[in-house]
Amino acid sequence: MRLIDDVVPALGRAFFGSVAGGARELDDAHRAICQGVPTSRRIAFASLRGGTGCSATAAAVATVLARRRPGRVLGVDGAAGSRSFAAYAGSPVTDPTPASDRRRVARTSWDALDGLPVTPAGLHVLRTGDPRSPSRQASPSEWAAAVDPIARFFDVVVGDWGSRSPFVDLGSVAADAHVVALVTGADRAGIEEGVAHAEAVRRHAEGTRVLVVPVDTTGTGLRAARTAAGWPGHEVHPVASDPSRAGGTRPAAVRTALVHLTAALVDAAVGRPAPEAHR
């Protein structure tokens, strides 16, 4: 089934499909999402402050990957809080994942999967942190201890680090990932802050791509984000509205934006160059 079937409801598909350029772009995105990877690729989501839609967007991207890729996808929830990646992804268990001796010294995929809940989309979920303090974010060392022994058994690992200090944890986020999605508000100030820190992250972790992802959580629109998408030297990928607010069926514009964002992240993680428009 083509990816366009996931993006456009049946009643609107005939009209949307008639727009050849849009259909081709979605087919290109589908191929990018499904492309082979040389080794396990890590995609990290982080934000500079709360309320940006980071966890919901990370869960949506991980779900797209799990549905579309033939290999296993792992979602790592290290953000803590009640509105968690695990809950947004539809995990049957949203408490911190109990420790496992099999995962700690995993030698087979069966060891790596031990005790991990699976969402209806086929996404395996690992919620890091201390079960006795579920509201506390996982430290970089706790993250590494939980993820590093099992990451190689998954095609793609999508991590939700949540809101992190740019002066403490953001460097660790970049060092852990092939590509970082830095989620911001859709207002000009939030985008400019994200772009500035994206440049700092790139200097800190050479070779790590950073995409700035403005999410319209307040309904103010994407005018500033679309302007920023044309800034030279930066990769800005707007999302039309907070995925957590869309209910059971997301509007087509939101689903399309998430598909294109997922494709861009996989391309970046694999190492393909940014499109000309974002250079």
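Details of the structure are given in the entry above.
Definitions and limits used
Residues numbered from 1 in each chain as written. Predicted model: local features only at pLDDT ≥ 70, side-chain atom pairs only at ≥ 80, totals over all residues. Heavy atoms only, no water. Core = buried A, V, L, I, M, F, W, Y, C linked by side-chain atoms within 4.5 Å. Buried < 20%, exposed > 50% of the residue type's maximum accessible area, 1.4 Å probe, protein only. Helix = DSSP H or I, 4+ residues; strand = E, 2+ residues; numbered from the N terminus. Contact = heavy atoms within 4.5 Å. Phe/Tyr/Trp six-rings, centres within 6.5 Å; stacked < 30°, edge-to-face > 60°. Salt bridge = Lys/Arg side-chain N within 4 Å of Asp/Glu carboxyl O. Expected span 1.5 Å × (residues − 1). Pairing = 2+ DSSP bridges. Axes fitted to C-alpha atoms, helices over the stretch in contact; angles between N-to-C directions.

Student: What's the story with the nonpolar core in this structure? I'm lost.
Tutor: One broad trend across soluble globular proteins is that nonpolar side chains are buried collectively. Among the nonpolar cores identified, the biggest contains 40 residues, and Ile43, Phe45, Leu65, Leu123 and Leu265 are the most heavily contacted of them. Of all the secondary-structure elements, those providing two or more residues to this core are α3 (20-34), β1 (41-47), α4 (54-68), α5 (85-89), β4 (156-163), β5 (179-185), β6 (209-215) and α12 (252-270). Ranked by residue count, the leading element in this core is α12, at ten residues. Once residues lying within four places of it in the same chain are set aside, the contact partners of Phe45 are Cys54, Thr57, Ala58, Val61, Val158, Gly159, Asp160, Trp161, Gly162, Ala181, Val183 and Leu265. Of all hydrophobic cores here, the second largest spans 37 residues; its members include Leu113, Leu170, Ala186 and Ala225.

Student: Just to check I follow, could you spell out the packing of aromatic side chains for this structure?
Tutor: Note on aromatic pairs: each is described by the distance of the centres and the angle between the planes. By the definition in use, this model includes one aromatic pair. A ring pair is formed by Trp143 and Trp161, whose centres lie 3.9 Å apart and whose planes are at 15°; its orientation type is stacked. Within this pair, whereas Trp143 is found in helix α8 (residues 140-147), its partner Trp161 is found in strand β4, the two being separated by 18 residues in sequence. The same class applies to Trp143 and to Trp161, which are both buried.

Student: Where do I start with the pattern of salt bridges in this structure?
Tutor: If the charged atoms of two oppositely charged side chains come close together, the side chains can form a pair. Following the criterion strictly, the structure yields 13 salt bridges and no others. One salt bridge in this structure joins Asp148 and Arg42, with 3.0 Å as the shortest N-O distance. Within this pair, whereas Asp148 is found in the loop between α8 and β4, its partner Arg42 is found in strand β1, the two being separated by 106 residues in sequence. Here Arg42 falls in the buried class, since its relative accessible area comes to 15%. Between Glu199 and Arg203 there is a salt bridge; the shortest N-O distance is 4.0 Å. Taken together, the residues Glu199 and Arg203, both in helix α10 (residues 188-204) and four residues apart, mark about one turn of the helix. Classification of Arg203 as exposed rests on a relative accessible area of 60%. A single salt-bridge network, built from bridges that share partners, covers Arg42, Asp148 and Asp176.

Student: Looking at this structure, how should I read α10?
Tutor: Since one α-helical turn is 3.6 residues long, residues separated by three or four positions face the same way. Taking 1.5 Å as the rise per residue, α10 with 17 residues should run 24 Å; its terminal C-alpha atoms sit 24 Å apart, in good agreement. On its buried side, α10 packs onto α9 (170-176), β5, β6 and α11 (223-228).

Student: Looking at this structure, I do not really get the sheet that holds β6. What am I missing?
Tutor: One key point about sheets: their strands pair by backbone hydrogen bonds, in either a parallel or an antiparallel sense. Spatially, β3-β2-β4-β1-β5-β6 is the arrangement adopted by the six strands of the open sheet, whose pairing is parallel. Each end of this open sheet is capped by a strand with a single partner; those strands are β3 (124-127) and β6. Adjacent strand axes in the sheet meet at a mean angle of 20° when their direction is disregarded. Two elements, strand β2 (residues 73-77) and β3, share four bridges in a ladder whose sense is parallel. Across the sheet, the residue bridging to Asp77 is Arg127, located in β3. The sheet strands contacting α4 are β1, β2, β4, β5 and β6, and the helix crosses β4 at an angle near 175°.

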